[in-house]
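Next come the chains, spelled out residue by residue.
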Amino acid sequence: MIDKHECQHLLGQLSDYVDGELEQTLCEEIECHLADCQNCRIVVDTLSKTVALYRTQGQSPVPGDVEERLYKVLNLERFTTLDAPSRQSHVQDFGEQ
Ligand SMILES: [Zn+2]
């Protein structure tokens, strides 16, 4: 069962999570939630890619507006329509060579 409040709570920690700056217990909490919550998985995926991108450019990770945008991406209204099979597939690591 997906708990919006848990999502909101975790979203506040995600930038630290992808940055590897979060305490172990919180990481486990997030990972546990991610196992059940596709929406948050997408956010983490997006966020970690964003952070990686900023790192390769030598900039500081995750400026505020990126985080803000992620909150919009994760429009909480979507949680009520989770039954809809509009799964966002991530095609990666295929045919790279
Ligand atoms: Zn969630």
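Structure: see above.
What comes next is a walk through the structure. Every value quoted in this text rests on a predicted model; they were computed, and no experiment measured them.

1. A few points about the overall build of the protein chain
Helices and strands together make up the secondary structure of the protein chain, namely 4 helices and 0 strands. Along the chain direction, N to C, the helices and strands of the protein chain fall in the order α-α-α-α. When the 97 residues of the protein chain are sorted by exposure, 14% land in the buried category. In the protein chain, once contacts between residues fewer than 6 apart in sequence are set aside, the share between residues at least 24 apart is 63%.

2. A word on helix 1 (residues 4-18)
An ideal rise of 1.5 Å per residue puts 21 Å on 15 residues; helix 1 measures up with 20 Å between its terminal C-alpha atoms. The principal kink in helix 1, of about 45°, is found at glycine 12. At the exit of helix 1 stands glycine 20, carrying a positive phi of roughly 75°.

3. Quick word on the environment of alanine 52
Note that alanine 52 resides in helix 3 (residues 38-56). Linking alanine 52 and valine 18, residues 34 residues apart in sequence, is a C-alpha distance of 9.3 Å.

4. Details of the nonpolar core
Core analysis: the biggest nonpolar cluster contains 11 residues, these being Leu10, Leu11, Leu14, Tyr17, Val18, Ile30, Cys37, Cys40, Val43, Val44 and Leu47. Sorting the residues of this core by element identifies helix 1 and helix 3 as the ones contributing at least two each.

Calculation criteria
Residues numbered from 1 in each chain as written. Predicted model: local features only at pLDDT ≥ 70, side-chain atom pairs only at ≥ 80, totals over all residues. Helix = DSSP H or I, 4+ residues; strand = E, 2+ residues; numbered from the N terminus. Buried ≥ 20, exposed ≤ 12 C-beta atoms within 10 Å, placed from the backbone. Contact = placed C-beta atoms within 7 Å. Expected span 1.5 Å × (residues − 1). Bend = angle between axes of the 7 residues up to and from the residue. Core = buried A, V, L, I, M, F, W, Y, C linked by C-beta atoms within 7 Å.

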